[in-house]
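Structural features, examined
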Amino acid sequence: MIRLFHHPLSAPSRFVRLALGECELTPELIEERPWERREEFLLMNPAGTLPVMIEDNGPPIVGVWACSEYLDETRGFALDEHRLLPASADRRAEVRRLLEWFLTKFNEEVTIYLAEERVIKRELSRLGMDSSPDSSLLRAGRANIRTHLRYIDHLIVERSWLAGDRMSYADLAAAAALSVADFLGEVPWQETEEAKDWYVKIKSRPSFRPLLADQIRGVTPPAHYTDLDF
């Protein structure tokens, strides 16, 4: 049994959920609101960040990098040609580079701006904290996502998948990051073709279905969010 402490608007959490799904593992999902600084959660991860994964009675596996490496080391060989982290060192390096790009750079330049300004600050207000949305940050996130979409377009033109000739952690990371923005209706799909076609392929996979069922108080995703051929 695997327990995963996550939040629906955490791109790293979504990435680990996709990776678990590709390994045909169904975790027990425990929604965590890290801004609440819950003591029990901080005892597992003093940094207070997501995701945190626990298998059986083992120790907490903290952070997206530790979770991804753990899944590859414990399940990767069983996936054979569908392994999500390639066997060769140079290809693994490229996958890890793109993991860093989408789960750090994209997250900091797009996801955090959109999620915090539209949803999380509202939750903080319910806790009595002064947290007014900053429209300039929303504009920055909306501008930055276009740069990232163009980069995905560039990668897909050059390759079958983002990191090479088959699906990898890189694709799951990019899809996880984009899916948060898509849930909030913030992806200008009309401005891209290659990225949209690639996203449809990922979105149609069984591992993605639990993400399409996510619900967040006060947020109604656009109609196309659950459409597999939008």
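Figured I'd write up the structure that's included with this text. Since this is a predicted model, take the numbers as computed values, not measurements.

The subject of this paragraph is the sheet that holds strand β4 (residues 61-62). Sheets are built from strands that pair by backbone hydrogen bonding, the pairs being arranged parallel or antiparallel. Strand order in the open sheet formed by four strands is β2-β1-β3-β4, with mixed pairing between adjacent strands. Whereas interior strands pair on both sides, the edge strands pair on one side only; in this sheet they are β2 (28-31) and β4. Where helix α1 (residues 11-22) meets the sheet, its contacts fall on β1 (2-6), β2 and β3 (52-55), and the angle it forms with β1 comes to roughly 155°. Each of β1, β3 and β4 touches helix α3 (residues 64-75); the most contacted strand, β3, lies at about 30° to it.

This part is about the pairing of β1. Taken across its five residues, β1 has four buried, putting it largely inside the fold. For β1 and β2, the ladder comprises four bridges, and the chain directions are parallel. Paired with histidine 6 across the two strands is glutamate 31, which belongs to β2. Once you follow β1 into α1 and on to β2, the crossover reads as right-handed.

What follows covers the packing of aromatic side chains. The tally for this structure, following the rule as stated, stands at ten aromatic pairs. Centre to centre, the rings of phenylalanine 5 and phenylalanine 41 are 6.0 Å apart; their planes meet at 40°, and the pair counts as tilted. With a gap of 36 residues between them, phenylalanine 5 in strand β1 and phenylalanine 41 in helix α2 (residues 39-44) connect regions that are remote in the sequence. When its relative accessible area of 1% is taken as the criterion, phenylalanine 41 is described as buried. An angle of 45° between the planes, with centres 6.3 Å apart, marks the rings of tryptophan 198 and tyrosine 199 as tilted. Classification of tryptophan 198 as buried rests on a relative accessible area of 1%. Three or more aromatic residues link up through ring pairs in this structure, and these residues are Trp189, Trp198, Tyr199, Phe208 and Phe230. Seen from the ring of phenylalanine 77, arginine 83 lies directly overhead, with NZ or CZ sitting 4.3 Å from the centre. Looking at lysine 201, its charged tip hangs above the ring of tryptophan 161, at a distance of 3.9 Å from the centre.

Relative to the helices and strands, proline 133 resides in the loop between α4 (89-126) and α5 (135-158). Sequence separation between proline 133 and proline 46 is 87 residues, and the spatial gap between their C-alpha atoms is 27 Å. Not counting the four nearest positions on each side in its chain, proline 133 is found in contact with Glu117 and Lys121.

Going through the model one piece at a time under the given rule, you end up with 19 salt bridges. The residue arginine 92 makes a salt bridge to aspartate 72 at a minimum N-O spacing of 3.5 Å. Here arginine 92, found in helix α4, pairs with aspartate 72, found in helix α3; they are 20 residues apart in sequence, far enough to count as distant. Residue glutamate 117 pairs with lysine 121 through a salt bridge whose shortest N-O separation is 3.0 Å. Of this pair, glutamate 117 and lysine 121 both sit in helix α4, four residues apart, roughly one helical turn.

Calculation criteria
- Residues numbered from 1 in each chain as written.
- Predicted model: local features only at pLDDT ≥ 70, side-chain atom pairs only at ≥ 80, totals over all residues.
- Heavy atoms only, no water.
- Pairing = 2+ DSSP bridges.
- Helix = DSSP H or I, 4+ residues; strand = E, 2+ residues; numbered from the N terminus.
- Contact = heavy atoms within 4.5 Å.
- Axes fitted to C-alpha atoms, helices over the stretch in contact; angles between N-to-C directions.
- Buried < 20%, exposed > 50% of the residue type's maximum accessible area, 1.4 Å probe, protein only.
- Right-handed = clockwise from strand over helix to strand, strands pointing away.
- Phe/Tyr/Trp six-rings, centres within 6.5 Å; stacked < 30°, edge-to-face > 60°.
- Lys NZ or Arg CZ within 6 Å of the ring centre and 35° of its normal.
- Salt bridge = Lys/Arg side-chain N within 4 Å of Asp/Glu carboxyl O.

Such coordinate-based values are descriptive only and should not be taken to indicate function.
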